Amino acid sequence: HVSNIAPDYCAVAFDLKAPTFRHKMFDAYKAGRKPTPPELSSQFADAKEVLVAMGLHVLELEGYEADDIIGTLAKYCEDNGHTCDIVSGDRDDFQLVSDAVRVIMPVTRGGMSEVEVVDKAAIFDKYQLEPHDLIQLKAIMGDSSDNIKGVAGIGEKGALALIQKFK
């Protein structure tokens, strides 16, 4: 149960304003996404200061997204015999799930805030895929939030059918 989580280490990853290697490879990456509201971005420095005061590690790296940092840490934990819980509302992190890595996702149901634990079994129940296959799913169906075009006329249902049939 998530109320029993007592991590040995904890870090918070942030995006920086600088372009990432993805922007350099694909000019239209995230084109059309609304900018971060100034009233939110103006709070980041204070939030980072509070996180550090709480004993948390704040991680950010120019040229990379917070997701890249999260993925790197998850892989490091897995490779070194540690478990890793990623607390995130970003479903892209589902591809990182493994025997050692799970996603703790905040959700709102019926106006109530809850958390959903996403492990390998939960991914298989929802998609009938292994977590690493979610990369193929996004490649086929695209990702409108990142402005990545998929195969024309194929959405999630069609992409799932193709991956399940042809591996």
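Predicted model, so just to flag it, every value in this text is computed and none were measured.

Reading the values: rules and limits
- Residues numbered from 1 in each chain as written.
- Predicted model: local features only at pLDDT ≥ 70, side-chain atom pairs only at ≥ 80, totals over all residues.
- Heavy atoms only, no water.
- Pairing = 2+ DSSP bridges.
- Helix = DSSP H or I, 4+ residues; strand = E, 2+ residues; numbered from the N terminus.
- Axes fitted to C-alpha atoms, helices over the stretch in contact; angles between N-to-C directions.
- 1 Å grid on protein atoms, 1.4 Å probe; cavity = no way out; pocket = protein on both sides within 12 Å on 5 of 7 lines; lining within 4 Å.
- Points joined across faces, edges and corners; volume = space filled by probe spheres on them.
- Nonpolar A, V, L, I, M, F, W, Y, C, P; charged D, E, K, R; others polar.
- Salt bridge = Lys/Arg side-chain N within 4 Å of Asp/Glu carboxyl O.
- Buried < 20%, exposed > 50% of the residue type's maximum accessible area, 1.4 Å probe, protein only.

Draft legend 1. Structural context of the sheet that holds strand 3 (residues 84-87). Read across the open sheet, the three strands follow the order 3-4-5; overall the sheet is mixed. Where the open sheet ends on each side, the last strands, each with one partner, are strand 3 and strand 5 (112-118). Ignoring strand direction, the axes of neighbouring strands in this sheet form an average angle of 25 degrees. Examined bridge by bridge, strand 4 (residues 101-109) and strand 5 share seven bridges and lie antiparallel to one another. The residue bridging Thr108 from the neighbouring strand is Ser113, located in strand 5.

Draft legend 2. Focus on the layout of surface pockets. For the largest pocket, the calculated volume is near 1000 Å³. Around the largest pocket sit 30 residues that line it, and Tyr9, Cys10, Ala11, Cys84 and Asp85 are the ones nearest its centre. Listing elements by their share of the lining of the largest pocket, those giving two or more residues are strand 1 (11-13), strand 2 (57-59), helix 4 (66-79) and strand 3. If one sorts the elements of the lining of the largest pocket by residue count, helix 4 sits on top with seven residues. Of the residues in the lining of the largest pocket, the class split is 18 nonpolar, six polar and six charged.

Draft legend 3. Up close: the pattern of salt bridges. Summed over the entire model, instances satisfying the criterion amount to eight salt bridges. Taking the shortest distance from any N to any O, the salt bridge between Lys48 and Glu60 comes out at 2.7 Å. Of this pair, Lys48 sits in helix 3 (residues 44-53) while Glu60 sits in the loop between strand 2 and helix 4, and the two are twelve residues apart along the sequence. Residue class for Glu60 comes out partly exposed when judged on its relative accessible area of 34%. Ionic pairing is found between Lys120 and Glu130, a salt bridge with its closest N-O pair at 3.9 Å. One end of the pair, Lys120, is in helix 5 (residues 120-127); the other, Glu130, is in the loop between helix 5 and helix 6 (134-141), with ten residues separating them in the sequence. The exposure class assigned to Lys120 is partly exposed, which follows from its relative accessible area of 30%. Among the charged side chains, a network of salt bridges with common partners joins Asp99, Lys120 and Glu130.

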